[in-house]
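Here is what each chain is made of, one letter per residue.
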Amino acid sequence: MKRIFVILLIVAAVAVAQEVNPPRDSMDFFAGAGVWMPGLMNDGNKLEVGTSFTVGAETPMAQGDQFRLSISGGFCNSERNEFDKITSVMLNLGYRKYPFYRPYAGARGLEPFVGFNAGGIVVWDSVADDFSNTEESTSTGGAMIGIETGARVKINENTFFDITLGGDWVPIGGEIAGESDSNLSGIRIQGSLVF
């Protein structure tokens with residue numbers, strides 16, 4: 001009985017050792033959309049929930065982690081009558097870790113991840129037509145730092161869907177859309193297709 005157990009153990013070990021990951025390209029691309037909620041830490045925040053769009057590239061997930069380069073656009077309206085909306089462009093370099101990744105785990109149907117990113121943001125507002133004679137458009141820019149968590153869902157061998165919840169620290173803002181605090185920190189919730 002012990003010999004059979006040892007033989008089965010050796011056969012299983014050899015089978016696992018022969019298993020290889022499915023081939024991947026040298027780089028994956030992603031595109032996504034979601035909601036953007038800036039200025040959540042401001043007293044008297046009048047910015048509404050907006051939309052965000054992201055495109056970018058990432059290194060392969062061969063070792064359970066990856067680097068990601070992304071460019072995003074964010075848009076949200078203002079409740080202040082003087083301003084229509086604010087628009088932002090964000091460029092970020094991020095690192096993501098898949099803590100439950102195993103190289104011989106076979107088909108990965110659902111993988112949680114955590115990560116962080118850093119980069120820059122440029123923001124400007126749009127003055128409402130009724131106030132174009134009394135208000136001026138404002139723009140600003142600066143650094144931003146973010147953290148994220150979420151899960152990657154496998155669609156097929158080379159296509160995945162990411163659901164991401166991220167928090168951004170953006171210590172700029174100035175007088176964008178009449179906001180009194182110089183802080184556009186907030187959160188983003190996004191879905192992305194990775195291919």
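Residues numbered from 1 in each chain as written. Predicted model: local features only at pLDDT ≥ 70, side-chain atom pairs only at ≥ 80, totals over all residues. Heavy atoms only, no water.

### Side note on the overall build of the protein
Then step 1. The helix and strand tally for the protein stands at 1 helix and 8 strands.
Then step 2. Across the protein, helices and strands are ordered from the amino to the carboxyl terminus as α-β-β-β-β-β-β-β-β.
Then step 3. Counting only residues that meet the buried cut, the protein has 37% of its 195 residues in that class.
Then step 4. Taking as baseline every contact in the protein between residues at least 6 positions apart, the subset at least 24 positions apart corresponds to 64%. (Helix = DSSP H or I, 4+ residues; strand = E, 2+ residues; numbered from the N terminus. Buried < 20%, exposed > 50% of the residue type's maximum accessible area, 1.4 Å probe, protein only. Contact = heavy atoms within 4.5 Å.)

### Focus: the pattern of salt bridges
Then step 1. Enumeration over the complete set of coordinates arrives at 8 salt bridges.
Then step 2. For Asp 162, the salt bridge goes to Arg 68, with nearest N and O atoms at 3.9 Å. Placement of Asp 162 in strand β7 (residues 159-169) and of Arg 68 in strand β3 (residues 65-77) is noted, with a sequence separation of 94 residues between them.
Then step 3. The network of salt bridges with shared partners includes Glu 58, Arg 68, Arg 96, Glu 148, Arg 152 and Asp 162. (Salt bridge = Lys/Arg side-chain N within 4 Å of Asp/Glu carboxyl O.)

### Digging into unusual backbone geometry
Then step 1. In this structure, Ala 177 is a non-glycine residue whose phi angle is positive, near 50°.
Then step 2. When its relative accessible area of 0% is taken as the criterion, Ala 177 is described as buried.

### A word on the pairing of strand β4 (residues 83-97)
Then step 1. When β3 meets β4, the two strands line up antiparallel, connected through 13 bridges. Paired with Asp 65 across the bridge in β4 is Lys 97.
Then step 2. Hairpin geometry of β3 and β4 is characterised by an intervening segment of 5 residues between the two adjacent antiparallel strands.
Then step 3. The pairing of β4 with strand β5 (residues 110-127) spans 14 bridges and is classified as antiparallel. The partner of Lys 97 across the bridge, within β5, is Val 114. (Pairing = 2+ DSSP bridges.)

### Considerations on the environment of Ser 180
Then step 1. Structurally, Ser 180 can be placed in the loop between β7 and β8 (186-194).
Then step 2. Looking at Ser 180, the relative accessible area reads 52%, which means it is exposed.
Then step 3. Along the sequence, Ser 180 and Asp 43 sit 137 residues apart, while their C-alpha atoms lie 8.2 Å from each other.

### Some words on the sheet that holds strand β1 (residues 28-37)
Then step 1. The 8 strands are arranged β1-β2-β3-β4-β5-β6-β7-β8 in a closed barrel whose pairing can be described as antiparallel. Taken over all neighbouring pairs, the strand axes of this sheet differ in orientation by 25° on average, direction set aside.
Then step 2. When strand β6 (residues 139-156) meets β7, the two strands line up antiparallel, connected through 11 bridges. Pairing of Lys 154 across the sheet is with Phe 160, part of β7. (Axes fitted to C-alpha atoms, helices over the stretch in contact; angles between N-to-C directions.)

### Considerations on the side chain of Arg 188
Then step 1. Structurally, the position occupied by Arg 188 is in strand β8.
Then step 2. There is a polar contact of 3.5 Å between the side chain of Arg 188 and the side chain of Ser 72. (Polar contact = N/O pair within 3.5 Å; in protein donor to acceptor, adjacent residues only side chain to side chain.)

### Re the pairing of β8
The side chains of a regular strand alternate, residue by residue, between the two faces of the sheet.
Then step 1. Pairing analysis gives 8 bridges linking β1 to β8, with the strands arranged antiparallel. By the bridge assignment for β8, Met 37 is matched with Ile 187.
Then step 2. Inspection of the sheet shows β7 paired to β8 by 9 bridges, in the antiparallel sense. By the bridge assignment for β8, Asp 162 is matched with Ser 192.

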